[in-house]
Amino acid sequence: MPAVKAARPTDVFSRDDWKRLTAISPLRGLWLILHGWLVAALAAGGTALLWDWHWLAGLVALPFAIAIVGGRQLGLSILMHEGAHGLLHPNRKINNFAGQWLTGAATGSDLHSYRAYHLTHHKYTQQPEDPDLALSQPFPTTPASMKRKIVRDLTGQTFLKQRSGQMVAAWLGLKAMLQGSPATDGKGKRDTSAGTPLNRGGAAGVSAPVTDLSGAVRTTKTVGRFLLIQFIVLAVSLLTLGIIPFLVWIIALATTFQLFLRIRNIAEHACTTTGSDDPFTHARTTYANLVERTTVAPYWVNYHSEHHLFMGVPCYNLPQAHALLLAEGMDKRMTISGGYLDVLRQVTSKKEQMA
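Definitions and limits used
Residues numbered from 1 in each chain as written. Predicted model: local features only at pLDDT ≥ 70, side-chain atom pairs only at ≥ 80, totals over all residues. Heavy atoms only, no water. Core = buried A, V, L, I, M, F, W, Y, C linked by side-chain atoms within 4.5 Å. Buried < 20%, exposed > 50% of the residue type's maximum accessible area, 1.4 Å probe, protein only. Helix = DSSP H or I, 4+ residues; strand = E, 2+ residues; numbered from the N terminus. Contact = heavy atoms within 4.5 Å. Arc of directions from axis to C-beta. Salt bridge = Lys/Arg side-chain N within 4 Å of Asp/Glu carboxyl O. pLDDT = per-residue confidence, 0-100. Patch = residues over 30% accessible without salt bridge, like charges linked within 9 Å, V, L, I, M, F, W, Y side chains within 5 Å. Areas by Shrake-Rupley, 256 points an atom, 1.4 Å probe, with all protein chains shown as cover. Axes fitted to C-alpha atoms, helices over the stretch in contact; angles between N-to-C directions. Parallel < 35°, antiparallel > 145°, perpendicular 65-115°, else oblique. Left-handed = near helix turned anticlockwise from the far one by under 90°. Nonpolar A, V, L, I, M, F, W, Y, C, P; charged D, E, K, R; others polar. Phe/Tyr/Trp six-rings, centres within 6.5 Å; stacked < 30°, edge-to-face > 60°. Lys NZ or Arg CZ within 6 Å of the ring centre and 35° of its normal.

**Re the nonpolar core**
Logical step 1: Ranked by size, the top nonpolar core spans 45 residues in total, and within it Val12, Phe13, Phe280, Phe310, Leu325, Tyr340 and Val347 carry the most contacts.
Logical step 2: With seven residues, helix α12 (residues 256–269) is the single largest residue contributor to this core.
Logical step 3: Residues within four places of Phe280 in sequence aside, it is in contact with Val12, Ser305, Leu309, Leu325, Met330, Arg333, Met334 and Thr335.
Logical step 4: With 17 residues, the next largest nonpolar core counts Ala44, Ala65, Phe246 and Val248 among its residues.

Written out as structure tokens, the structure is:
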């Protein structure tokens, strides 16, 4: 099918506004990465200190810490997404390093593979060619179905399924590298499926196969970066406050991160009129309160309609873009939700079938 229709910035913004909105700061993206790591460290480290003071205090703090750390892990994934668009830093090499090593590696994603398939998502949003279509296509669903998904996420089942598939592909790639296969020379066609199980939250993302040997090799490298970052987190944890900060980090990665990723994915496109000729309908913007910004909507990812309209705008400028769109009366054409609970109610509106 043809690509979805794009918005023209000059139809909405003045030249000065557009120049300001698309300006990429050399510092702010890097600060957001540091912020994500610092908040995760403070939450995990604070829990360890409380545990040392009294185990009961640590036990009470633990679920809050797991939620906060899971939100920052999602935040790092969001910032990798910024890097995929070249929005973390105006210098391409710094942008790619930050997107690959400082953000994507923390959750096991590959920046370059993600970039290839994600730009396809923008080009064919909600069309059959959209690689993210499976994230929104099953909705609306029933409340019971959503509850099962939440249970799978919070019990680590989703995490284990994703990681096992990724590890199998990584093992195939490792064997090819050890055997000196031509697929390891980096000259083959890039396999955009590598790393996607951890960038996508739907069934297709979980089971997405690596399509060829070069893709398996890329997955091996992705897993290598992921394991190295986990080792560094473990080492810092043991050298400072013991094992508890690492346990908070890894439990969050296996539970709350999975759930928050799923909710964020659902909110972006599910139950919208995406795919029409009007580019203002291609995604949903969801207003987020403090709790939601801490968990499911870090770093302005909730302004997803604005991002699809103008994907050259860095995340920290999306609220300004939203305000300018409202001033022009464009909210009448957009899909805007009052909060993530409203979205969840909408996407679980399907009635249970009687036996």
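**Quick word on helix α15 (residues 318–327)**
Logical step 1: Within α15, burial applies to Leu318, Ala321, His322 and Leu325. Projected down its long axis, α15 shows its buried positions confined to an angular sector of 100°, all on one face.
Logical step 2: Packing partners of the buried residues in α15 comprise α1 (15–21), β1 (284–286), α14 (304–309) and β2 (335–337).
Logical step 3: Positioned one or two residues after α15, Gly329 has a phi angle of 75°, which is positive.

**Let's talk about the pattern of salt bridges**
Logical step 1: Per the stated rule, a full pass over the model turns up seven salt bridges.
Logical step 2: In this structure, Asp110 and Arg225 form a salt bridge, with 2.8 Å as the shortest nitrogen-oxygen distance. Remark: Arg225 occurs in helix α10 (residues 213–240) and Asp110 occurs in the loop between α4 (92–107) and α5 (111–123); sequence separation between them is 115 residues. Summarising the burial analysis for this pair, Asp110 and Arg225 share the class buried.
Logical step 3: The partner of Arg333 in a salt bridge is Asp278, and the shortest N-O contact between them spans 2.8 Å. One end of the pair, Arg333, is in the loop between α15 and β2; the other, Asp278, is in the loop between α12 and β1, with 55 residues separating them in the sequence.
Logical step 4: Since its relative accessible area comes to 37%, Arg333 is described here as partly exposed.
Logical step 5: When salt bridges that share partners are traced, they join Asp110, Arg218 and Arg225 into one network.

**Quick word on the confidence of the model for the chain**
Where the model shows low pLDDT, its predicted coordinates should not be examined in detail.
Logical step 1: Within the chain, residue pLDDT values average 88, and 89% of them lie at 70 or more.
Logical step 2: Confidence drops under pLDDT 50 across residues 193–209; counting only partners more than four residues distant or on other chains, this segment forms 45 contacts.

**Topic: a nonpolar patch on the surface**
Logical step 1: Together, Phe97, Trp101, Leu102, Leu228, Phe231, Ile232 and Val236 make up an exposed nonpolar region whose accessible area comes to about 640 Å².
Logical step 2: Sorting the residues of the nonpolar patch by element identifies α4 and α10 as the ones contributing at least two each.
Logical step 3: Looking at the nonpolar patch, the element that brings in the most residues is α10, giving four residues.
Logical step 4: By the element assignment, Ile232 lies in helix α10.

**Details of the packing of helix α3 (residues 55–84) against α4**
Logical step 1: Look at α3 against α4: their axes get within 8 Å of each other, and the N-to-C directions meet at 150°. Looking at the two axes, α3 sits roughly antiparallel to α4. Considering how the two elements wind past one another, α3 and α4 form a crossing that is left-handed. Contact residues: Gln73, Leu76, Ser77, Leu79, Met80, Glu82 and Gly83 in α3; Asn95, Asn96, Gly99, Leu102, Thr103, Gly104, Ala106 and Thr107 in α4.
Logical step 2: Classifying every residue of the contact of α3 with α4 gives five nonpolar, nine polar and one charged.

**Considerations on the packing of helix α11 (residues 244–254) against α12**
Logical step 1: The contact between α11 and α12 brings their axes to 3 Å, and the two run at 40°. For the pair α11 and α12, the contacting residues are Ile251, Ala252, Leu253 and Ala254 in the first and Thr256, Phe257 and Gln258 in the second.
Logical step 2: Here the residues of the contact of α11 with α12 are counted per class, giving five nonpolar, two polar and no charged.

**Describing the packing of aromatic side chains**
Logical step 1: Under the defined criterion, the tally for this structure stands at five aromatic pairs.
Logical step 2: Centroid distance Trp37 to Trp249: 5.2 Å. Interplanar angle 15°. Geometry classified as stacked. Remark: Trp249 occurs in helix α11 and Trp37 occurs in helix α2 (residues 28–53); sequence separation between them is 212 residues.
Logical step 3: Owing to a relative accessible area of 4%, Trp249 belongs among the buried residues under this scheme.
Logical step 4: A connected cluster of aromatic rings, assembled from ring pairs, spans Phe13, Trp18 and Phe310.
Logical step 5: Between the NZ or CZ atom of Arg163 and the centre of the ring of Phe226, over which it lies, the distance is 4.1 Å.
Logical step 6: Looking at Arg225, its charged tip hangs above the ring of Trp101, at a distance of 6.0 Å from the centre.

**Here's the deal with the environment of Ala270**
Logical step 1: With respect to the element layout, Ala270 can be found in the loop between α12 and β1.
Logical step 2: Once the C-alpha coordinates of Ala270 and Gln137 are considered, the two residues, 133 residues apart in sequence, prove to be 6.9 Å apart.
Logical step 3: Residues within four places of Ala270 in sequence aside, it is in contact with Ser136, Phe139, Arg284 and Val347.

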